[in-house]
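# Reading the structure
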Amino acid sequence: MKHIFAIITAFLFPLIIAAQAFQVDKPALPIDSLIKALPLLYDSARVDCLNELSRAYMETAQKMNADSALAFARQAYKEAVSAGYAKGSGEACLRLGLISFWHSWNYIESEKHYREAISWYQKTKDQNGLGYGYSGVGASLLNQGLPDEATKFFERASVHFKEAGNKLMMADIKDWFSYIYESKGDFEKQFENVKKGFNEKRRLNDKRGIIWSYYNLSQIYQSVEDFETALDYMRLSFQQAREQSINWQPYRSMGHLFLAIGNYDSAFFYFSEMLRLQPSDAPALAGLGRLLMFQGKYGKALDHLQQASINFKKSADTGRQISVLADIAKTYAAMKYYEEALQYARECLIVSSQTGNKTVMKSAYEVYREIYEGLGNADSALFYHKQFVTLKDSLDDAKYQRQHLRKLALYKVESKAEEQQARINLLNTDNQLKQRQLKEEAFMKKILIACLVVLILLSVIIMRNIVLKRRNEKLRLENVLKEQQLLSERKEAELQKQTSELEMQALRAQMNPHFIFNCLNSINRFILKNETEPASDYLTKFSRLIRMVLNNSKHKYITLNEELDCLELYIQMEQLRFKNSFNYKIKCSADIDMEETLVPPLLIQPFAENAIWHGLMQKESGEGNLAILLQQKNEILECTITDNGVGRKVALELSRNATSKNKSLGLQITKERIALLDNEQGEHFIEIEDLYDDNGNAMGTKVIIRIKYKIAIEKLYL
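Residues numbered from 1 in each chain as written. Predicted model: local features only at pLDDT ≥ 70, side-chain atom pairs only at ≥ 80, totals over all residues. Heavy atoms only, no water.

A word on the overall build of the protein. The number of helices and strands found in the protein is 26 helices and 8 strands. Expressed as a percentage of its 718 residues, the buried residues of the protein come to 42%. Expressed as a percentage of contacts within the protein between residues at least 6 apart in sequence, the contacts between residues at least 24 apart total 64%. Approximately 40100 Å² of the protein is accessible, and the part contributed by carbon and sulfur atoms is 54%. (Helix = DSSP H or I, 4+ residues; strand = E, 2+ residues; numbered from the N terminus. Buried < 20%, exposed > 50% of the residue type's maximum accessible area, 1.4 Å probe, protein only. Contact = heavy atoms within 4.5 Å. Areas by Shrake-Rupley, 256 points an atom, 1.4 Å probe, with all protein chains shown as cover.)

Direction of pairing for strand 2 (residues 582–588) relative to strand 4 (residues 624–633): parallel, over a ladder of 7 bridges. Of the residues in strand 4, the one forming a bridge with Asn583 is Asn625. The sheet contact formed by strand 4 and strand 5 (residues 636–643) spans 8 bridges and is antiparallel. Bridging from a neighbouring strand, Ile628 pairs with Ile641 of strand 5. Two successive antiparallel strands, strand 4 and strand 5, enclose a turn made up of 2 residues, where Asn634 displays a positive phi of approximately 55 degrees. (Pairing = 2+ DSSP bridges.)

One open sheet holds the 5 strands; their spatial order is 2-4-5-7-6, and the pairing between them is mixed. Unpaired on one side and paired on the other, strand 2 and strand 6 (685–692) mark the two borders of the sheet. Averaged over all pairs of adjacent strands, the angle between strand axes in this sheet comes to 15 degrees, irrespective of strand direction. Pairing analysis gives 7 bridges linking strand 5 to strand 7 (residues 698–707), with the strands arranged antiparallel. Considered in strand 7, the bridge of Leu637 is made with Ile707. Most of the contacts of helix 23 (residues 560–577) go to strand 2, to which it runs at about 175 degrees, and overall it touches strand 2, strand 4 and strand 5. (Axes fitted to C-alpha atoms, helices over the stretch in contact; angles between N-to-C directions.)

Its 18 residues give helix 19 (residues 358–375) an end-to-end C-alpha distance of 26 Å, which sits within 8% of 26 Å, the value for a rise of 1.5 Å per residue. Listing the buried residues of helix 19 in full gives Val360, Met361, Lys362, Ser363, Ala364, Tyr365, Val367, Tyr368, Arg369, Ile371 and Tyr372. Immediately downstream of helix 19, the backbone of Gly376 shows phi near 80 degrees, a positive value. (Expected span 1.5 Å × (residues − 1).)

This part is about the nonpolar core. Residues Val324, Ile328, Tyr365, Tyr368 and Ile371 are the most contacted members of the largest nonpolar core, which totals 63 residues. Once you skip the residues sitting within four places of it in the chain, Val324 turns out to touch Ala286, Leu305, Ala308, Ser309 and Phe312. Residues Cys519, Leu560, Tyr570 and Leu626 belong to the second largest nonpolar core, which totals 38 residues. (Core = buried A, V, L, I, M, F, W, Y, C linked by side-chain atoms within 4.5 Å.)

Together, Asp565, Glu568, Asp593, Glu595 and Glu596 give the surface a local cluster of negative charge. Relative to the helices and strands, Glu568 resides in helix 23. (Patch = residues over 30% accessible without salt bridge, like charges linked within 9 Å, V, L, I, M, F, W, Y side chains within 5 Å. Salt bridge = Lys/Arg side-chain N within 4 Å of Asp/Glu carboxyl O. Lys, Arg positive; Asp, Glu negative; His and termini not counted. Charge placed at Lys NZ, Arg CZ, Asp CG, Glu CD.)

A contiguous nonpolar surface patch, about 510 Å² in accessible area, is contributed by Val454, Leu458, Ile461, Ile462, Met463 and Ile466. Tracing the sequence through the fold places Leu458 in helix 21 (residues 398–528). Given the relative accessible area of 43%, Leu458 is considered partly exposed.

This part covers the sheet that holds strand 3 (residues 597–599). Strand order across the open sheet formed by 3 strands is 1-3-8, with antiparallel pairing between neighbours. Each of the sheet's edge strands pairs with one partner strand only, and the pair in question is strand 1 (558–559) and strand 8 (710–711).

Glancing now at the pattern of salt bridges. Under the defined criterion, the tally for this structure stands at 13 salt bridges. Between Arg95 and Glu91 there is a salt bridge, with its nearest N and O atoms 2.6 Å apart. Pair noted here: Arg95 and Glu91 are both in helix 5 (residues 86–104), with a separation of 4 residues, about one helical turn. Because the salt bridges share partners, they merge into one network encompassing Lys633, Glu638, Glu687 and Arg706.

Let's shift gears to the confidence of the model for the protein. In the predicted model, the protein carries a mean pLDDT of 77, and 80% of its residues have values of at least 70. Mean pLDDT per element in the protein: helix 1 (residues 2–20) is the minimum at 38, and strand 2 is the maximum at 92. In the predicted structure, residues 1–26 sits below a pLDDT of 50 and forms 47 contacts with residues beyond four places in sequence or in another chain. Below pLDDT 50 for its whole length, residues 714–718 participates in 4 contacts with residues either more than four positions away or in separate chains. (pLDDT = per-residue confidence, 0-100.)

With that out of the way, let us pick up the packing of aromatic side chains. Inspection of every chain in the model, using the stated rule, returns 14 aromatic pairs. Centre to centre, the rings of Tyr57 and Phe72 are 5.7 Å apart; their planes meet at 10 degrees, and the pair counts as stacked. Of this pair, Tyr57 sits in helix 3 (residues 43–58) while Phe72 sits in helix 4 (residues 63–83), placing them 15 residues apart in sequence. Like Tyr57, the residue Phe72 is buried in the burial classification. In this structure an aromatic cluster arises from ring pairing among Phe101, Tyr107, Phe154, Trp176 and Phe177. (Phe/Tyr/Trp six-rings, centres within 6.5 Å; stacked < 30°, edge-to-face > 60°.)

Moving on: unusual backbone geometry. Phi at Asp43 is positive, roughly 55 degrees, even though this residue is not glycine. In this fold, Asp43 is placed in helix 3. Even without a glycine there, the phi angle at Lys579 is positive, about 55 degrees. Classification of Lys579 as exposed rests on a relative accessible area of 56%.

A word on the packing of helix 15 (residues 282–294) against helix 16 (residues 298–314). At a closest axis distance of 8 Å, the pairing of helix 15 and helix 16 adopts a crossing angle of 155 degrees. In terms of axis orientation, helix 15 runs roughly antiparallel to helix 16. Crossing handedness for the pair helix 15 and helix 16: left-handed. Every residue of helix 16 that contacts helix 15 at Ala282, Pro283, Leu285, Ala286, Leu288, Gly289, Arg290, Leu292 and Met293 is listed here: Tyr298, Lys300, Ala301, His304, Leu305, Gln307, Ala308, Asn311 and Phe312. Classifying every residue of the contact of helix 15 with helix 16 by side-chain character gives 12 nonpolar, 4 polar and 2 charged. (Parallel < 35°, antiparallel > 145°, perpendicular 65-115°, else oblique. Left-handed = near helix turned anticlockwise from the far one by under 90°. Nonpolar A, V, L, I, M, F, W, Y, C, P; charged D, E, K, R; others polar.)

Right, here's the structure in full:
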């Protein structure tokens with residue numbers, strides 16, 4: 001069953017991930033299922049699973065899980081880039097940007113990730129991915145206090161979402177435009193965009209999007225000081241989040257709302273709860289600092305406000321940072337530290353002027369007025385008071401405010417009317433639902449029966465598969481045993497071959513001291529007889545021969561030409577030693593290529609040595625002859641060594657009567673070498689024949705050695 005699950009997962013998981021991609025209205029796949037599937041996946045499917053894991057952890061919105069989301073997103077990015085998987089790389093960049101934006105509040109870093117996502121999706125021409133990338137850059141720029149730049153990216157995002165048919169995100173873009181208009185003090189356009197986005201989300205039944213629309217409406221009603229309605233929408237947002245299993249706690253927003261109402265105890269509670277969950281939450285630090293400032297606890301207020309300012313500066317959240325700068329300036333002014341207050345007020349006014357945030361500019365002018373009043377500079381205080389009044393009038397025009405309030409009130413009435421109509425429709429459909437439920441119960445009974453039948457069939461199929469699997473496993477084990485047996489036999493044969501080779505090397509090594517011993521004895525005889533010139537000639541040939549023997553003995557096979565050169569040099573040395581008492585002749589048939597034919601080294605020499613020492617040198621009369629003939633017969637090299645010596649019988653008698661007890665070690669070693677070669681290849685053997693004349697007298701010996709030679713190309717592998 002585990003194997004079946006693995007196969008199903010490997011084939012279906014990419015399709016499931018593809019169906020989930022970019023669908024922000026749908027919950028992520030379960031984390032446990034994703035973790036179980038991950039080891040079974042490879043390449044693009046594995047990258048998609050890592051991205052989905054990052055998404056699943058992000059939706060819990062907890063710091064602990066944000067770290068896990070970041071780890072999976074980084075791993076997805078690394079593997080996607082390594083595999084050249086553009087879509088997976090873009091998705092990983094979106095995840096990294098989202099984490100930087102919502103959890104780290106690092107808007108410069110989030111902008112960097114979103115811009116990289118755009119570059120990846122441009123390769124795939126994925127309109128949805130491009131839309132998310134451009135909207136992410138826009139949101140990052142907006143929080144850096146660059147609304148005009150942000151507007152361009154949100155407009156591009158709208159085009160791509162429209163091309164992709166993503167109506168949900170087109171509705172979300174309306175919310176972002178509302179934030180832009182809020183930063184510019186254009187509350188009418190802010191409200192219009194929130195309203196359009198909210199209506200579109202309700203039409204599309206975008207439950208998650210509605211949560212944020214409720215939140216935005218709460219902020220708008222708070223801006224016109226309708227705190228009761230603002231609190232209602234904030235609670236609706238919180239309630240919907242819990243119903244959707246989104247772990248979002250609006251403690252920070254509730255704290256700011258109660259702070260605006262003047263309910264300091266409730267504000268302090270919510271800010272404290274937020275900081276308990278996330279101690280570095282800059283907006284909560286800023287809210288608590290403002291609360292402490294209102295309560296006259298200026299020292300503690302400065303601690304919180306300055307820490308909030310540092311955190312906002314790290315995340316490049318310019319919009320919120322300038323508000324905190326204004327509060328710091330107010331706190332210093334209240335403490336009558338006018339130089340410090342002036343420093344922060346000046347920075348606040350410069351940044352708010354650059355970003356076009358009229359609301360904060362108004363606060364900055366107010367702080368300037370308070371500072372110069374405290375310093376006794378009436379002219380400067382009057383100047384900034386006029387600036388404050390002018391800007392306040394542009395933001396709080398009575399006619400506009402009444403019109404804006406009427407729109408909000410009308411929208412509130414429309415919302416309540418829609419809710420009442422929805423309740424009526426719900427009651428009307430209740431009876432229909434009950435009737436449908438009865439039909440469904442009957443239908444479910446039929447389904448249960450059908451499921452039972454299917455379950456029985458599946459049980460039969462599974463049992464049959466188990467039986468077949470066991471049978472196949474038994475056959476597999478039998479095959480494995482056979483393979484192991486064959487492997488064992490092969491290893492045994494290989495070891496036997498290696499043993500033979502080692503023995504062969506040992507025998508070849510024994511030839512060298514035996515041969516050198518015989519040659520040194522010959523040199524010693526020349527020296528004892530004071531024959532210096534023959535001794536010198538013999539020693540020269542001996543040195544050449546020793547070099548050839550040592551070189552040839554290193555190889556398992558040498559060319560026939562090298563073997564015959566060595567053999568001829570040896571025979572010449574024996575001629576010199578025995579004063580040319582015998583003649584020799586070496587003949588090779590014309591069909592043998594001596595440079596291409598390979599034979600074992602020092603295989604012929606011991607037989608020639610035996611013929612000279614025990615056959616020719618024991619001859620009392622007549623000239624000795626040694627003939628060596630090589631010919632090819634059926635891929636076999638046949639070497640015939642013929643001498644006209646005394647024969648084996650007489651040689652045996654003479655050796656018994658000799659005073660020396662030394663045996664012919666060279667011939668014995670060579671026979672053992674041939675025996676090993678015969679076992680290895682099945683083609684090597686030796687044949688010895690005694691020769692007689694017509695009267696039955698011994699007239700020599702003939703030795704035939706048969707060798708299966710090799711071709712020269714094989715020398716490369718010896």
